[in-house]
Each structure stands twice: as C-alpha cells, then as structure tokens.
Amino acid sequence: MAEATAKRSIALIVTRQDTVDSKPYTEEFQIPYRPNMNVITALMEIQRNPVNAGGGQTSAVCWESNCLEEVCGACSMVINGKPRQACTALVDHLEEPIRIAPMSTFPVVRDLVIDRGRMFKALKKVKAWIPIDGTYDLGPGPRMAESKRQWAYELSKCMTCGVCLEACPNVNDKTDFIGPAAISQVRLFNAHPTGEMNKDERLDALMTDGGIEGCGNSQNCVRSCPKGIPLTTSIGAMNADTTKRLFKKWLGM
C-alpha cells in the first residue's frame, strides 16, 4: 500500500496568465501524491519543482494564501468548476484531472492571483464599518440583545473571499452590482447599537445604482458561501429596510 501511494501521481490543469494584459492559457502538471494533500499543497509542489507534465521547465504558478484554515479568504479560486477555498479542497475528494483557474469576476493579476478591489470598493460604498473614532473615553457602549447577537455573529464570519460574487450571475464586467457580501454587511452593521447611527446612510447607498436592485435572486451566493452565511436572508431583510426607507423619504419623515 505504501509503495502504491509513493508511485501515485496527481494530474492538474492550471489556467495561467503571465501578465494583466496577456491571454490566459492552460498548463498541465503531474505531481507526486501524498496523503491528506490539499490544492495549496499541490501548488507548493509545483513551486518546488516547476516542471510541466511534458517534462519542460516552466515558471512556478502564482497564487495567494495565508491562514490555510479557511479564515483569511485569500486562496479563493475555481476548482473543478466551483469557486471555493483551495486550503480546504482536499485532493482525495476531487475528480482528476484537477482543473484550477482564477475567479473570473475579478481582474487577473497573474495566474491565480486576482484583484478583489471591486469587492472592497463595494464595502466602502456601504460604509461597512462602525465609526467610533474619538469615543474611546465615553465608556462602554450599549449591549446588543442576545437574540440579535446570535444571528449577527453568523454574518460576521464573512472573510471577504469573493466566492459569493464569483457564483452570482449578476456580478460581472457589464454591471456595477455590489454583490451579496456588501449587502449582508449592511445588515450586520445596521444591527450594531453604535453602527445603527449610520443606518440611513448605508440604506441610501443600497438604493443607488448597482445596489440591492441588482440582485436577481439566483441564490447561488448562499449555496456557495464557504462559511454558510445566510446571504439571501440578509438580502431579503435589506430589501424590506430599503423599501421602508424609500417610503419615509417620500413622506419627508
């Protein structure tokens, strides 16, 4: 058994891109198998010995990773057609050849490295933070009700990995839809006792072009989220809140 494992190899087909402006291409690799490998381990094996399946010397594949425990969100890529985290994609559970590609929603920098600036701009647009500068000397703020804290904690698990944007058919280079992650963060920060002070500003941002109206309710986001965040529930809640906000503005309230 040990001898068979030592001789086994894994086939990978990696979509590569040398520069921002160059055309993508695929390159095949054969790497030695080791038990409990994940996709990051496979990419590290290519990095140690950058030789393609044809025996030709090549450049090491570029990718991003950090925590290796599905917390940072840096290693998002498309693996066998599914956007996910490479650190939790175990080779033993993947069909071969393993096809690895960058997420197409974001501009490619090189190989599997992408520019997730679109997502961070969306978070800036909806002010996904709590402005508390200068209030440190006012003592502890109000406590969040336990019933609210429980579901808010689920929303706080977002690691800005971008998988939900990749899975959403309404997020592409032809639209400016901010995507489900930013909408869910509006719900999170509007639920916070201090963050609620800027509730109307966040709702107004969702009511602009590219906001919540861009959602087509495909529900791909909630099915693909690696953290199981109830994104469609958040979208529904924010849809209701923006409608109420709109009527209040019409009535001058």
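Here, every reference points to the structure presented above.
Just so you know, the residues in each chain are numbered from 1, in the order the chain's sequence is written. In keeping with the model being predicted, local features are shown solely for residues with a pLDDT of at least 70 and side-chain atom pairs are shown and tallied solely at 80 or more, while totals for entire chains, interfaces and linings include all residues. Think of the side-chain values as coming from all heavy atoms in the structure, minus any hydrogens and water.

> Would you mind showing me how to read the sheet that holds strand β1 (residues 9-16) here?
By definition, the strands of a sheet pair up through backbone hydrogen bonds, in either a parallel or an antiparallel sense. Ordered in space as β2-β1-β5-β3-β4, the five strands form an open sheet in which the pairing is mixed. Edge positions in the sheet fall to β2 (25-32) and β4 (82-85), since each has one partner strand and no second. The average undirected angle you get between the axes of adjacent strands in this sheet is 35 degrees. Pairing between strand β3 (residues 76-79) and strand β5 (residues 98-101): two bridges, direction antiparallel. Directly across from Val-78, in β5, lies its bridge partner Ala-101. Residue contacts are counted whenever heavy atoms from the two residues lie within 4.5 Å of one another. The convention used is that axes are lines fitted to C-alpha atoms, helices contributing only their stretch in contact, and that angles between N-to-C directions extend from 0 to 180 degrees. By the criteria applied, helices consist of DSSP H or I runs no shorter than four residues and strands consist of E runs no shorter than two, each listed in order from the N terminus. The strands touched by helix α2 (residues 39-48) are β1, β2, β3 and β5; relative to β2, the strand with the most contacts, the crossing angle is about 95 degrees. The criterion for strand pairing is that DSSP finds at least two bridges linking the strands in question.

> I tried to follow the side chain of Thr-242 on my own but got confused; where do I start?
For Thr-242, the location among the structural elements is in helix α9 (residues 231-250). Residues in contact with Thr-242, not counting those within four places in the same chain, are Leu-203, Leu-206, Met-207 and Ile-212.

> Sorry if this is basic, but what is going on with the environment of Val-14 here?
Here Val-14 is to be found in strand β1. Here's how the labels work: a residue is buried when its accessible area is under 20% of the maximum for its type, exposed when over 50%, partly exposed in between, all with a 1.4 Å probe on protein chains only. Using a relative accessible area of 0% as the deciding quantity, one classes Val-14 as buried. When the C-alpha positions of Val-14 and Val-61 are compared, they lie 8.3 Å apart, and in sequence the two are 47 residues distant. Filtering out sequence-adjacent residues up to four positions away, Val-14 remains in contact with Tyr-25, Thr-26, Glu-27, Phe-29, Val-61, Ile-100 and Leu-112.

> Would you explain empty space enclosed by the protein in this entry?
Summary: where empty space remains is shown by rolling a probe the size of a single water molecule over the atoms. Buriedness for pockets is judged along seven lines, at least five of which must meet protein on both sides within 12 Å for an open set on the 1 Å grid over protein atoms alone, while cavities are sets there where a 1.4 Å probe fits but cannot get out, and lining residues have an atom within 4 Å of a point. Grid points are joined across faces, edges and corners, and a volume is the space filled by probe spheres set on the points. Tallying each qualifying case throughout the model produces two cavities of 30 Å³ or more. The space that makes up the largest cavity amounts to roughly 100 Å³. Forming the walls of the largest cavity are 13 residues, and the residues nearest its centre are Cys-158, Met-159, Cys-161, Cys-225 and Ile-229. Of the residues belonging to the lining of the largest cavity, the class tally is nine nonpolar, two polar and two charged. Of the volumes computed, that of the second largest cavity is approximately 50 Å³. If you go around the second largest cavity, the residues you meet are Glu-64, Ala-74, Cys-75, Ser-76, Met-77, Leu-112, Ile-114 and Arg-116. Here the nonpolar group is Ala, Val, Leu, Ile, Met, Phe, Trp, Tyr, Cys and Pro; Asp, Glu, Lys and Arg are the charged ones; every other residue, Gly included, is treated as polar.

> Honestly, the nonpolar core in this entry has me stumped. Any pointers?
Inside soluble globular proteins, nonpolar side chains tend to come together where they are buried. Take the buried Ala, Val, Leu, Ile, Met, Phe, Trp, Tyr and Cys residues and link them wherever side-chain atoms come within 4.5 Å; each set so joined is a nonpolar core. Counting 35 residues, the largest nonpolar core has Val-126, Leu-165, Ile-178, Ile-183, Leu-206 and Met-238 as its most contacted members. Ranked by residue count, the leading element in this core is helix α6 (residues 180-191), at six residues. Grouped together as the second largest cluster of nonpolar side chains are 25 residues, Val-61, Met-77, Leu-94 and Ile-100 included.

> Teacher, can you tell me more about the packing of α6 against α9 here?
For any two helices packed against each other, one specifies the inter-axial angle together with the distance between the axes. Viewed as axis vectors pointing N to C, α6 and α9 meet at an angle of 65 degrees, and their least axial separation amounts to 9 Å. Crossing angle aside, the handedness with which α6 passes α9 is left-handed. Across from Pro-180, Ile-183, Ser-184, Val-186 and Arg-187 in α6, the residues of α9 making contact are Leu-231, Thr-233, Ser-234, Ile-235, Ala-237 and Met-238. In this scheme, a crossing is called left-handed if the near helix is turned counterclockwise away from the far one by less than a right angle; it is called right-handed if the turn is clockwise.

> What exactly am I supposed to notice about the environment of Glu-69 here?
Structurally, Glu-69 can be placed in the loop between α2 and β3. The exposed category is assigned to Glu-69, whose relative accessible area is 58%. Glu-69 sits 139 residues away from Thr-208 along the chain, and the two C-alpha atoms are 36 Å apart.

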